[in-house]
Amino acid sequence: MQERIQQLRDQVEALTAQTAQEVEDLRIKYISKKGLISQLFDEFKTVPNEEKRLVGQQLNVLKEAIIAKINALREALSSTKGEAEAIDWTRTAYPVRLGTRHPLTLVQQEITSIFARLGFAIAEGPEVEDDDHVFSLLNFAEDHPARDMQDTFFVRNTPDTLLRTHTSSVQTRAMLGAQPPIRIICPGRVYRNEAISYRAHCFFHQVEALYVDENVSFADLKQVLLYFAQEMFGSETKIRLRPSYFPFTEPSAEMDISCNICGGSGCNFCKHTGWVEILGCGMVDPNVLENCGIDSRKYSGYALGMGVERITNLKYRVSDLRLFSENDVRFLEQFQGAE
Ligand code: DAH
């Protein structure tokens, strides 16, 4: 018996444990009710009386040593535990979630890059504007309904500070600031006091183009429109121009493209006409040139403007405008990888 006690003491000295479970296993093996120490105490009854005193002492020393060892192992583990358990070195890495460009940004960039290929430079202007740049210089009559409170957001209730209702305001800034040739493309956000629904919002985005130079004609405008439509919607796309009215262009037109959803054969989207309207355009009204300090006998120009949301709807078939500003990741994620 004394020999076994000695062996166990040597064993106990050498015990190690890497985890809390291993410490627990040692506790069960040595000092639980059915563990080795209990067994030894049972056997102790058979030890001859004259040896009992010595063996009893040795047994107690062994028991204390085991308890101390197990406690020491437990302590050693718990002091490194926080760090060891907080970092799981075997776990696979989280997948990196890539953000996506907003669909309106994608389409706006596509529009501007098509015009950039034709030599148009990007120009920007302020969203908080004044009446001159948004209306007066653009030939809007004093009583034009677009100036009305119903349409325009006025800032601080002064009729002269307002949120621009169209990016045509950047035209006036460009013409006031430079002499022709002027060839600019103006993307930006605009505001109108509309009730929000699936088809209207109080803010949206437009891209405006302006070209002023000597001998600019309607034929130049038509060619640029055709180039744009086919670059944007595919080389099969046809265009048609319908006469229209804008205060700042004369003559004015609206452009339709052959419906890119049904290919022109008629569907719900084009209301079975085979055509969808995508932009307004025209020759810059000589009054506007003069208002902005450009000699209308020497120079002429064309302008065009389109809604980015509309083009995006056509390209990606987004049926509710509100999705563009709700920032729902499930919607935005669908444009991953789109260019
Ligand atoms: N500014 C017009 C609007 O907001 C769009 C527009 C039409 C712009 C004709 C133009 C243009 O430059 O020539 O509805």
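None of the values given here were measured: they were computed from a predicted structure.

Tell me about the site of the ligand, and please be specific about residues and values.
Taken together, 15 residues are adjacent to the ligand, and His166, Ser168, Arg192, Gln206 and Glu208 come closest. Contacts to the ligand include Gln206, whose side-chain N or O atom sits 3.0 Å from an oxygen atom. One of the side-chain nitrogen or oxygen atoms of Glu208 is found 2.5 Å away from an oxygen atom of the ligand. When isolated, the ligand has an accessible area of 350 Å², and the protein chains bury 89% of it. Elements with a minimum of two residues in the shell around the ligand: α7 (168-177), β5 (203-213), β8 (275-284) and β9 (300-307). Grouping the constituent residues of the shell around the ligand by class yields 5 nonpolar, 8 polar and 2 charged.

So what's going on with the domain arrangement of the chain? Residues and values would help.
When its domains are assigned, the chain resolves into domain 1 (2-85) and domain 2 (103-335). For domain 1 versus domain 2, the separation of C-alpha centres amounts to 86 Å.

Run through the packing of helix α1 (residues 2-13) against helix α3 (residues 36-44), naming residues and quoting values.
For any two helices packed against each other, the geometry comes down to the angle between their axes and how far apart the axes lie. It is at 12 Å that the axes of α1 and α3 come closest, and there the two elements cross at 165°. Relative to α3, α1 is oriented roughly antiparallel. With respect to the hand of their crossing, α1 and α3 are arranged in left-handed fashion. Here Arg4, Ile5 and Leu8 of α1 come into contact with α3, specifically with Leu36, Leu40 and Glu43.

Lay out the packing of aromatic side chains in plain terms, naming residues and giving numbers.
Throughout the structure, instances matching the rule amount to 10 aromatic pairs. On the basis of an interplanar angle of 35° and a centroid distance of 6.0 Å, the ring pair of Phe140 and Phe248 is categorised as tilted. Of the two residues, Phe140 sits in the loop between α6 (131-134) and β3 (161-163) while Phe248 sits in the loop between β6 (239-246) and β7 (249-258), which places them 108 residues apart along the sequence. Among the residues examined, Phe248 registers a relative accessible area of 11% and is labelled buried. Residues Phe246 and Phe248 carry aromatic rings whose centres are separated by 5.8 Å and whose planes lie at 25° to one another, so their mutual orientation is stacked.

Mind laying out the nonpolar core, listing which residues take part and the relevant values?
Within the largest apolar cluster, 44 residues are counted, with the highest numbers of intra-cluster contacts made by Phe115 and Leu304. Listed by contribution, the elements that provide at least two residues to this core are α5 (103-117), β5, α8 (218-233), β7, β8, β9, α10 (308-316) and α12 (329-332). The element that contributes the greatest number of residues to this core is α8, accounting for 7 residues. Among all residues touching Leu304, those that are not within four sequence positions of it are Phe115, Val207, Glu208, Ala209, Leu221, Leu225, Leu279, Gly280 and Cys281. Counting 24 residues, the second largest nonpolar core, distinct from the first, contains Phe140, Val212, Phe248 and Cys292.

Help me get a handle on the sheet that holds β9, residues and values and all.
As summarised here, the arrangement of the 7 strands in space is β1-β4-β5-β9-β8-β7-β6, forming an open sheet in which the pairing is mixed. Single-partner strands in this sheet number two, and they are β1 (121-122) and β6. As paired strands, β6 and β7 are joined by 7 bridges and run antiparallel to one another. Looking across to β7, one finds that Leu241 is bridged to Met255.

Cut-offs and rules
- Residues numbered from 1 in each chain as written.
- Predicted model: local features only at pLDDT ≥ 70, side-chain atom pairs only at ≥ 80, totals over all residues.
- Heavy atoms only, no water.
- Near = heavy atom within 4 Å.
- Polar contact = N/O pair within 3.5 Å; in protein donor to acceptor, adjacent residues only side chain to side chain.
- Areas by Shrake-Rupley, 256 points an atom, 1.4 Å probe, with all protein chains shown as cover.
- Helix = DSSP H or I, 4+ residues; strand = E, 2+ residues; numbered from the N terminus.
- Nonpolar A, V, L, I, M, F, W, Y, C, P; charged D, E, K, R; others polar.
- Domains from an automatic or database assignment.
- Axes fitted to C-alpha atoms, helices over the stretch in contact; angles between N-to-C directions.
- Parallel < 35°, antiparallel > 145°, perpendicular 65-115°, else oblique.
- Left-handed = near helix turned anticlockwise from the far one by under 90°.
- Contact = heavy atoms within 4.5 Å.
- Phe/Tyr/Trp six-rings, centres within 6.5 Å; stacked < 30°, edge-to-face > 60°.
- Buried < 20%, exposed > 50% of the residue type's maximum accessible area, 1.4 Å probe, protein only.
- Core = buried A, V, L, I, M, F, W, Y, C linked by side-chain atoms within 4.5 Å.
- Pairing = 2+ DSSP bridges.

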